[in-house]
Amino acid sequence: FSFFFFFFETDSSRSSKTFKPKKNIPEGSHQYELLKHAEATLGSGNLRQAVMLPEGEDLNEWIAVNTVDFFNQINMLYGTITEFCTEASCPVMSAGPRYEYHWADGTNIKKPIKCSAPKYIDYLMTWVQDQLDDETLFPSKIGVPFPKNFMSVAKTILKRLFRVYAHIYHQHFDSVMQLQEEAHLNTSFKHFIFFVQEFNLIDRRELAPLQELIEKLGSKDR
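All figures in this text were calculated on a predicted structure; none of them were measured in a lab.

S.K.: Summarise the nonpolar core; cite the residues concerned and give the values.
M.R.: Ranked by internal contacts, the top residues of the largest apolar core, which has 67 residues, are Leu161, Phe162, Tyr165, Phe189, Phe192 and Ile193. For this core, the secondary-structure elements that each account for two or more residues are α1 (30-43), α3 (59-81), β2 (99-102), α4 (117-133), α5 (150-178), α6 (182-198) and α7 (211-219). When residues of this core are assigned to their parent elements, the largest contribution, 13 residues, is made by α5. Those residues in contact with leucine 161 that sit more than four places away from it in its chain are Thr67, Phe70, Phe71, Ile74, Leu124, Met125, Val128 and Phe192.

Below, the structure is given as structure tokens:
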């Protein structure tokens with residue numbers, strides 16, 4: 001293909017190594033209980049069931065807990081391949097030859113900039129962490145309501161986290177296989193995709209770079 005799809009942003013020691021500090025959900029909180037519930041249902045092996053909203057639970061809270069969990073998972077997965085994702089190996093942030101991403105966060109960088117994959121992912125993960133740490137967006141205390149724009153913020157976070165998966169699959173899957181982490185990556189991505197599909201959180205067009213893989217993963221679970 002000779003054409004590109006550009007995605008412009010305008011809206012506002014290996015396995016133990018994480019790329020950014022892990023975001024912890026406070027023990028004893030309701031969100032911590034939800035996380036434990038999610039882990040228990042994941043253990044059953046039925047991912048379609050594991051992503052469903054538990055009976056009687058708040059949708060915003062369920063999405064918040066899972067968004068934090070996906071951030072931590074992607075953080076760890078990317079952390080294992082940072083030595084292969086360099087300014088030299090990945091001078092642009094791409095997901096195969098047809099998809100290139102330019103960074104803007106709407107506040108510090110308003111006009112989309114072209115940058116290397118490691119730089120882009122650093123911007124992206126720092127931005128996500130800032131959102132997760134913002135108590136007005138992601139309240140951790142019981143009884144504090146979620147803001148009206150929570151769902152749109154969560155959708156933007158998940159859309160951007162997807163791009164890290166897309167970059168890893170397209171540019172670094174050989175390294176993932178060398179490290180024997182493909183099962184971990186596939187399970188994490190499958191969980192992520194089933195989750196965003198269950199609640200319709202990412203536009204289909206955004207998922208295009210991994211559409212074939214998404215269809216393959218989904219067909220195994222029908």
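There's plenty left to go through after this.
S.K.: Explain the packing of α3 against α6 residue by residue, including any values.
M.R.: Their axes nearest at 11 Å, the elements α3 and α6 cross at an angle of 155°. Taken together, α3 and α6 sit at an angle that is classed as roughly antiparallel. Taken as a pair, α3 and α6 cross one another with a handedness that is left-handed. Every residue of α6 that contacts α3 at Trp62, Ile63, Asn66, Asp69, Phe70, Gln73, Met76 and Leu77 is listed here: His184, Leu185, Ser188, His191, Phe192 and Phe195. The residue makeup of the contact of α3 with α6, split by class, is eight nonpolar, five polar and one charged.

S.K.: Outline the packing of α3 against α5, supporting the account with residue identities and numerical values.
M.R.: Helices that pack against each other are described as a pair by the angle of their axes relative to one another and the distance between those axes. As a packed pair, α3 and α5 sit with axes 10 Å apart at the nearest point and diverge in direction by 25°. One finds that α3 runs roughly parallel with respect to α5. Remark: the crossing between α3 and α5 carries left-handed chirality. Packed against α3, whose contacting residues are Leu59, Asn60, Ile63, Ala64, Thr67, Phe70, Phe71, Gln73, Ile74, Leu77, Tyr78 and Ile81, the element α5 presents Phe150, Met151, Ala154, Ile157, Leu158, Leu161, Val164, Tyr165, Ile168, His172, Ser175 and Val176 at the interface.

S.K.: Describe the packing of aromatic side chains, naming the residues involved and giving the relevant values.
M.R.: The tally for this structure, following the rule as stated, stands at 13 aromatic pairs. An aromatic cluster is present here, built from Phe70, Phe162, Tyr165, Tyr169, Phe173, Phe189, Phe192, Phe195 and Phe199 joined pairwise through their rings. Its guanidinium or amino end placed over the ring of tryptophan 127, arginine 160 lies 4.2 Å from that ring's centre, counting from NZ or CZ.

Cut-offs and rules
- Residues numbered from 1 in each chain as written.
- Predicted model: local features only at pLDDT ≥ 70, side-chain atom pairs only at ≥ 80, totals over all residues.
- Heavy atoms only, no water.
- Core = buried A, V, L, I, M, F, W, Y, C linked by side-chain atoms within 4.5 Å.
- Buried < 20%, exposed > 50% of the residue type's maximum accessible area, 1.4 Å probe, protein only.
- Helix = DSSP H or I, 4+ residues; strand = E, 2+ residues; numbered from the N terminus.
- Contact = heavy atoms within 4.5 Å.
- Axes fitted to C-alpha atoms, helices over the stretch in contact; angles between N-to-C directions.
- Parallel < 35°, antiparallel > 145°, perpendicular 65-115°, else oblique.
- Left-handed = near helix turned anticlockwise from the far one by under 90°.
- Nonpolar A, V, L, I, M, F, W, Y, C, P; charged D, E, K, R; others polar.
- Phe/Tyr/Trp six-rings, centres within 6.5 Å; stacked < 30°, edge-to-face > 60°.
- Lys NZ or Arg CZ within 6 Å of the ring centre and 35° of its normal.

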